[in-house]
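Residues per chain are reported as follows:
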Amino acid sequence: MLTCKDASRLISEGQDRKLSQREKIGLRLHLWMCDSCRLFEKQVGHLRQALRRGWSGGDLPTDKQLPEEAQERIRKVLKEHPNDDSNSST
Amino acid sequence: MSISDPERWLEEHGSALYSFALLHVRDGHRAEDLVQETLLAALKARERFQGNASLRTWLIGILKHKIMDEFRRQSREAPIPDSPEDAWDAAEARRAAENFTDNGRWSQPLTNWGDSEQDFSRDQFWSLIEQCLAALSPRMARLFVLRELWEMETKEVCKELAITPTNLWTTLHRARLGMRQCLEKNLCA
């Protein structure tokens, strides 16, 4: 009989590889009797979905402000950087 | 295009690039450097920018290349140990094991999150994710992000970072346990 630890490993690995028939059956049996592992399975799937939805939906994080000093520094670097277009035309 | 464009890129997209970088590297200075490297690379390659993609998407694409280089470097500098005695590995394993009792049951019953994450704004969601990633070991966070965010195939992750599939699966299992625990703590607080 699988322990919850084993079951959680199979649930996780099921996201990354194909489980064997034997593993699948063992996991189904365990999930049938175990509320916590059923929740774990749901949450792992949920997390993946939420992350990928935010990600591929272009809903990327924008909450951090690039610090002033860094902006100044980068602005200077960009200014000093030779303009490739004008170099090639001269 | 005039030379003033890159400065506008900085104004309009600098903070988005910075926020994105911070999801992947923990050090703020390193994240600033990545923004700078990205804009410089964009400046060099700007004639290759196709107007049909959004500028931000294009810049994020360049930043992703920089981040992957960083991940490869970190992975080379701190190679993944084969021996279970290794300290990093032991700490990771111990933290994962804390989720379970000695006979392999959950040490605390899991809580149903319900729809609580629906109440989160985009920025709240990402800052929670960032906070939970920061609680993982850097190696765990790297692999988790590549797999769950970047949607890279397991084979590809193994190849890029020179690790075995077994090692990847074990690490992802621990990372998911850690993320779950952290999210539960925050969602059900």
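Structure shown above.
What this report covers is the structure whose coordinates are included nearby. (Residues numbered from 1 in each chain as written. Chains lettered and ligands numbered in written order. Predicted model: local features only at pLDDT ≥ 70, side-chain atom pairs only at ≥ 80, totals over all residues. Heavy atoms only, no water.)

A word on the interface of chain B and chain A
Moving on, step 1. Facing the 62 residues of chain B at the interface are 47 residues of chain A.
Moving on, step 2. In total, chain B and chain A occlude about 5,200 Å² of area from one another, counting both sides; carbon and sulfur atoms represent 61% of this.
Moving on, step 3. It is Leu10, Trp169 and Arg176 of chain B that lose the most area in chain B upon contact with chain A, and together they represent 11% of the buried surface on that side.
Moving on, step 4. Our count for the chain B to chain A interface comes out at 8 salt bridges.
Moving on, step 5. In this structure, the salt-bridge partner of Glu130 of chain B is Lys64 of chain A, at a minimum N-O distance of 3.0 Å.
Moving on, step 6. Elements with a contribution of two residues or more to the side of chain B that touches chain A: helix 1 (5-22), helix 2 (28-44), helix 3 (55-77), helix 5 (122-134), helix 6 (138-149) and helix 8 (165-187) of chain B.
Moving on, step 7. Considering each element in turn, the side of chain B that touches chain A owes the most residues, 11 residues, to helix 1 of chain B.
Moving on, step 8. Of the residues assigned to the side of chain B that touches chain A, the class counts are 30 nonpolar, 12 polar and 20 charged. (Contact = heavy atoms within 4.5 Å. Buried area = accessible area lost by both parts, 1.4 Å probe. Salt bridge = Lys/Arg side-chain N within 4 Å of Asp/Glu carboxyl O. Helix = DSSP H or I, 4+ residues; strand = E, 2+ residues; numbered from the N terminus. Nonpolar A, V, L, I, M, F, W, Y, C, P; charged D, E, K, R; others polar.)

Considering the state of the cysteines
Moving on, step 1. Throughout the structure, instances matching the rule amount to 1 disulfide over all chains.
Moving on, step 2. Here Cys132 of chain B pairs with Cys182 of chain B through a disulfide, and the sulfurs are 2.0 Å apart. A torsion of -75° about the S-S bond marks the disulfide between Cys132 of chain B and Cys182 of chain B as left-handed. Of this pair, Cys132 of chain B sits in helix 5 while Cys182 of chain B sits in helix 8, and the two are 50 residues apart along the sequence. As far as burial versus exposure is concerned, Cys132 of chain B and Cys182 of chain B are alike and both buried.
Moving on, step 3. Here Cys34 of chain A is not cross-linked by a disulfide; its sulfur's nearest cysteine counterpart is in Cys37 of chain A, at 3.6 Å.
Moving on, step 4. Taking the relative accessible area as the measure of exposure, Cys34 of chain A reaches 12% and is therefore buried.
Moving on, step 5. According to the relative accessible area criterion, Cys37 of chain A is buried, its value standing at 0%. (Disulfide = S-S within 2.5 Å. Buried < 20%, exposed > 50% of the residue type's maximum accessible area, 1.4 Å probe, protein only.)

Focus on the packing of aromatic side chains
Any aromatic ring pair is given by two values, namely how distant the centres are and how the planes are angled relative to each other.
Moving on, step 1. Counted under the stated rule, the structure contains 5 aromatic pairs over all chains.
Moving on, step 2. Pairing Phe40 of chain A with Trp106 of chain B gives two aromatic rings, centres 5.3 Å apart and planes at 45°, and the pair type is tilted. In this pair, Phe40 of chain A sits in helix 3 (residues 35-56) while Trp106 of chain B sits in the loop between helix 4 (87-97) and helix 5, so the two residues belong to two different chains. As far as burial versus exposure is concerned, Phe40 of chain A and Trp106 of chain B are alike and both buried.
Moving on, step 3. Ring centres of Phe49 of chain B and Trp58 of chain B lie 5.0 Å apart, and the angle between their planes is 50°; this geometry places the pair in the tilted category. Like Phe49 of chain B, the residue Trp58 of chain B is buried in the burial classification.
Moving on, step 4. Taken together, the ring pairs in this structure connect Phe40 of chain A together with Phe100 and Trp106 of chain B into an aromatic cluster.
Moving on, step 5. A cation over an aromatic ring shows up here: Arg17 of chain A above the ring of Trp169 of chain B, its NZ or CZ 5.0 Å from the ring centre.
Moving on, step 6. Positioned over the ring face of Trp150 of chain B is Lys64 of chain B, at 4.7 Å from the centre of the ring. (Phe/Tyr/Trp six-rings, centres within 6.5 Å; stacked < 30°, edge-to-face > 60°. Lys NZ or Arg CZ within 6 Å of the ring centre and 35° of its normal.)

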